[in-house]
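# Descriptive analysis of the structure
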Amino acid sequence: MAENWDEHAINWDRDDHVRFYADQAFASLIVHVNIQDDEWRTRRILDFGCGTGLLSERLAPLVADVVAIDTSQSMIEVLDRKEIGNVTTICADIDDPAVRIDATWFSEFDLVVASSVCGFLPDYEATLGVLAQPLNEGGFFAQWDWLAPDDEPGMTVSRIAHAFDAVDLIPVHIGQAFSVTFDGDEMPVVMGVARHRR
Ligand SMILES: C[S@@+](CC[C@H](N)C(=O)[O-])C[C@H]1O[C@@H](n2cnc3c(N)ncnc32)[C@H](O)[C@@H]1O
């Protein structure tokens, strides 16, 4: 059954695991993308499946604009209440062509991030193709997801590699980035970073 993300919105930021995940995602991102360099101050980021904007919050001070999109109205409302000046929120499904056609926001991104989203999508491979479209040449895509064992459904290193290849994204790094501990059990998180072909 599909997750009802609206129900999670109000307490999302109070969850230590969720905040730890966002901190680790950011820490792993800066290893592969030089987003803290001054040259990024004029650049644009798309935060896909932004939730309450825990990653947007960390990225926004470093760039010109962040567009944060999520299908959950309640998640977007929490992010809106944070009133981050250079974050524009959109509550919509990016897979719906009507949302993108003629949309001025759907272009010229230097980085698209998807933190703990792709593993929940009904068709990750198709949505990745959509997310690659508005990237500038040489722009980055980065995703983080629970890592599934190789022989089980879910997000694996090989699945990410195949998906990148299918949409002409050049892999920069695909592998375990960190893990989150729940009641003594470690849940590994896989990170995939790729670049739009120049
Ligand atoms: C596990 S939460 C992660 C939220 C946020 N990225 C974070 O790390 O805190 C997954 C989010 O993805 C969003 N989501 C799921 N499917 C989506 C879709 N097709 N388009 C946009 N957002 C989606 C959900 O509404 C939810 O806010």
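A few points on the structure. (Residues numbered from 1 in each chain as written. Predicted model: local features only at pLDDT ≥ 70, side-chain atom pairs only at ≥ 80, totals over all residues. Heavy atoms only, no water.)

### Things to note about the packing of aromatic side chains
Using the criterion set out here, one finds nine aromatic pairs in the structure. Aromatic side chains W5 and W12 sit 5.9 Å apart centroid to centroid with 85° between the ring planes, which places their arrangement in the edge-to-face category. Judged by centre distance (6.4 Å) and plane angle (85°), the ring pair of F20 and F178 falls under edge-to-face. Linking F20 in helix α2 (residues 16-32) with F178 in strand β6 (residues 169-182), this pair joins segments that are 158 residues apart in sequence. Accessibility expressed as a relative area gives 7% for F178, which makes it buried. The rings of F20, Y21, W146, F178 and F182 are connected pair by pair, giving a single aromatic cluster. One residue, R44, lies across the ring of F109, its end atom 4.5 Å from the ring centre. (Phe/Tyr/Trp six-rings, centres within 6.5 Å; stacked < 30°, edge-to-face > 60°. Helix = DSSP H or I, 4+ residues; strand = E, 2+ residues; numbered from the N terminus. Buried < 20%, exposed > 50% of the residue type's maximum accessible area, 1.4 Å probe, protein only. Lys NZ or Arg CZ within 6 Å of the ring centre and 35° of its normal.)

### As for the site of the ligand
Near the ligand lie 16 residues; those nearest to it are W5, W12, G49, D70 and S115. With respect to the ligand, the backbone of G49 contributes an N or O atom lying 2.7 Å from a nitrogen atom. One nitrogen or oxygen atom from the main chain of S115 is found 2.8 Å from a nitrogen atom belonging to the ligand. When the ligand is considered free in solution it has 590 Å² of accessible area, and contact with the protein chains removes 93% of it. (Near = heavy atom within 4 Å. Polar contact = N/O pair within 3.5 Å; in protein donor to acceptor, adjacent residues only side chain to side chain. Areas by Shrake-Rupley, 256 points an atom, 1.4 Å probe, with all protein chains shown as cover.)

### A short note on the environment of W5
As for its position among the elements, W5 is in the segment before α1 (6-12). With relative accessibility at 24%, the residue W5 sits in the partly exposed group. Each residue touching W5, except ones within four places of it in the same chain, is listed here: W12, S72, M75 and F120. (Contact = heavy atoms within 4.5 Å.)

### Describing α2
Here α2 spans 25 Å end to end across 17 residues, near enough to the 24 Å set by a 1.5 Å rise per residue. Residues V18, Y21, A22, A25, F26, S28 and L29 constitute the buried set of α2. If you follow the buried residues of α2, they end up packed against α1, α3 (54-59), β4 (109-115), β5 (135-146), β6 and β7 (185-196). One side-chain oxygen at the N-terminal end of α2 lies 2.8 Å from the backbone nitrogen of H17; it belongs to D15. (Expected span 1.5 Å × (residues − 1).)

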